[in-house]
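# Fold and geometry: a report
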Amino acid sequence: LVHALTAPLAGKLINRYGTKRSMLMGLGLMLAGCLLLALFRESVVVYYLFWVVFIGLGMRLGTLIPSQVNISKWFFNKRGLAMSVLLTAGGIGGYVFAPICTFVNSRFSWRGVWLMIAALIAAAMTLILLLLREDPKETGDTVDGGTYGKAGIGKEKKEQSRSFKTDTAWELKDARRQAVFYMLVFLYFASSYQLSAISSQGINHL
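### Digging into the overall build of the chain
When helices and strands are counted, the chain shows eight helices and zero strands. Mapped from its N terminus to its C terminus, the chain presents α and β elements in the order α-α-α-α-α-α-α-α. Evaluated residue by residue, the chain yields a buried proportion of 25% over its 206 residues. Partitioning the contacts of the chain with sequence separation of at least 6, the portion at a separation of at least 24 is 65%. A total of about 14,200 Å² of accessible surface is found on the chain, and carbon and sulfur atoms cover 67% of it. Across the chain, the mean location of the 22 positive side-chain charges is 6 Å away from that of the 11 negative side-chain charges.

In structure tokens:
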């Protein structure tokens, strides 16, 4: 629910402040949430408060949405490949860190897990500050090595790709009038619901 209800807020903040500031704000909230969960006493109320307000909102502002927006600014012809690499990295991270968290939990308790995640978030924030660029124009680069055109790429590059790439700069108010927009929303809802249900309930049955 937190991710669903705060997604429009994340989009507005990204449009206003850019992906870099949004990621830093979100990761900062997550960092605070992890530290608070590790340091405060055991309490269901405290857990939900810090998890929902700090980590839930922080994940929306600081992880997937701004990352996808940033990729869309840097890639045009190979945007699909770039997005797939991003999503693959997320899957690999979950696979690798689940046993690491289990190990840390068995050796140092659950508080140690939150502190480890906090340290990783701090490292990510440092990398963002040092390496992340909002737009290729900041460094004099071009999207996908092409030339800037109406949609950020030259027509001679665009014609080489078999996938359709629009030249229209869509606004949300215009997209809302299109049936395909609601079809995409429904498909994303359906796929996300199945993944969440399997992830949360599958272990009980297995």
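Okay, back to it.
### Observations regarding the confidence of the model for the chain
Residues of the chain with pLDDT of at least 70 account for 91%, and the chain-wide mean is 84. Averaged pLDDT values for the elements of the chain fall to 47 in helix H6 (residues 155–158) and rise to 94 in helix H2 (residues 19–39). Note that residues 149–159 has pLDDT below 50 and, in this model, 25 contacts with residues that lie over four places away or in other chains.

### A look at helix H1 (residues 2–17)
The terminal C-alpha atoms of H1, which comprises 16 residues, lie 21 Å apart, in line with the 22 Å expected from a rise of 1.5 Å per residue. Considering bend angle alone, the principal kink of H1 is centred on proline 8 and spans about 35°. Of the positions making up H1, those classed as buried are Thr6, Ala10, Leu13 and Ile14. Structurally, H1 contributes buried residues whose contacts are with H2, helix H3 (44–62) and helix H4 (64–74). Residue glycine 18 follows H1 closely and has a positive phi angle near 95°.

### Some remarks on unusual backbone geometry
A positive phi angle is found at serine 109, which is not glycine, with a value near 80°. Position of serine 109 among the secondary structure elements: in helix H5 (residues 79–131). According to the relative accessible area criterion, serine 109 is partly exposed, its value standing at 31%.

### Re the environment of tyrosine 47
In this structure, tyrosine 47 sits in helix H3. Taking the C-alpha atoms as reference, tyrosine 47 lies 15 Å from leucine 31; in sequence the two are 16 residues apart. Discounting residues that sit within four places of it in the chain, tyrosine 47 has contacts with Leu37 and Trp114.

### Some points on the side chain of arginine 60
Among the secondary structure elements, arginine 60 is positioned in helix H3. Put simply, arginine 60 is tucked away with no salt bridge, and the nearest opposite charge, on glutamate 134, sits 17 Å away. Not counting the four nearest positions on each side in its chain, arginine 60 is found in contact with His3, Thr6, Ala7, Ala10, Ile65 and Pro66.

### Let's talk about the packing of aromatic side chains
Each aromatic ring pair is characterised by the separation of its centres together with the angle its planes make. A complete count under the given rule lists six aromatic pairs for this structure. Measuring from centroid to centroid gives 5.8 Å for tyrosine 47 and tyrosine 48, while their planes differ by 80°, and the two rings are edge-to-face. Ring pairs connect the aromatic residues Tyr47, Tyr48, Trp51 and Trp114, which therefore count as one cluster.

### Regarding the pattern of salt bridges
All told, the structure shown has two salt bridges when counted by the stated rule. Two residues, glutamate 134 and lysine 73, come together in a salt bridge whose shortest N-O distance is 3.0 Å. Of this pair, glutamate 134 sits in the loop between H5 and H6 while lysine 73 is found in helix H4, placing the two residues 61 residues apart along the sequence. Among the salt bridges present, the one from aspartate 174 reaches arginine 177, with a minimum N-O distance of 3.0 Å. Judged by relative accessible area, which is 26%, aspartate 174 ranks as partly exposed. When its relative accessible area of 62% is taken as the criterion, arginine 177 is described as exposed.

### Regarding the layout of surface pockets
When its volume is computed, the second largest pocket comes out at roughly 290 Å³. Together, Leu1, Val2, His3, Ala4, Trp51, Val52, Gly56 and Met59 line the second largest pocket. Mapped onto the lining of the second largest pocket, the elements with two or more residues apiece are H1 and H3. For the lining of the second largest pocket, a count of residues per class yields six nonpolar, two polar and no charged.

So, how was this worked out
- Residues numbered from 1 in each chain as written.
- Predicted model: local features only at pLDDT ≥ 70, side-chain atom pairs only at ≥ 80, totals over all residues.
- Heavy atoms only, no water.
- Helix = DSSP H or I, 4+ residues; strand = E, 2+ residues; numbered from the N terminus.
- Buried < 20%, exposed > 50% of the residue type's maximum accessible area, 1.4 Å probe, protein only.
- Contact = heavy atoms within 4.5 Å.
- Areas by Shrake-Rupley, 256 points an atom, 1.4 Å probe, with all protein chains shown as cover.
- Lys, Arg positive; Asp, Glu negative; His and termini not counted.
- Charge placed at Lys NZ, Arg CZ, Asp CG, Glu CD.
- pLDDT = per-residue confidence, 0-100.
- Expected span 1.5 Å × (residues − 1).
- Bend = angle between axes of the 7 residues up to and from the residue.
- Salt bridge = Lys/Arg side-chain N within 4 Å of Asp/Glu carboxyl O.
- Phe/Tyr/Trp six-rings, centres within 6.5 Å; stacked < 30°, edge-to-face > 60°.
- 1 Å grid on protein atoms, 1.4 Å probe; cavity = no way out; pocket = protein on both sides within 12 Å on 5 of 7 lines; lining within 4 Å.
- Points joined across faces, edges and corners; volume = space filled by probe spheres on them.
- Nonpolar A, V, L, I, M, F, W, Y, C, P; charged D, E, K, R; others polar.

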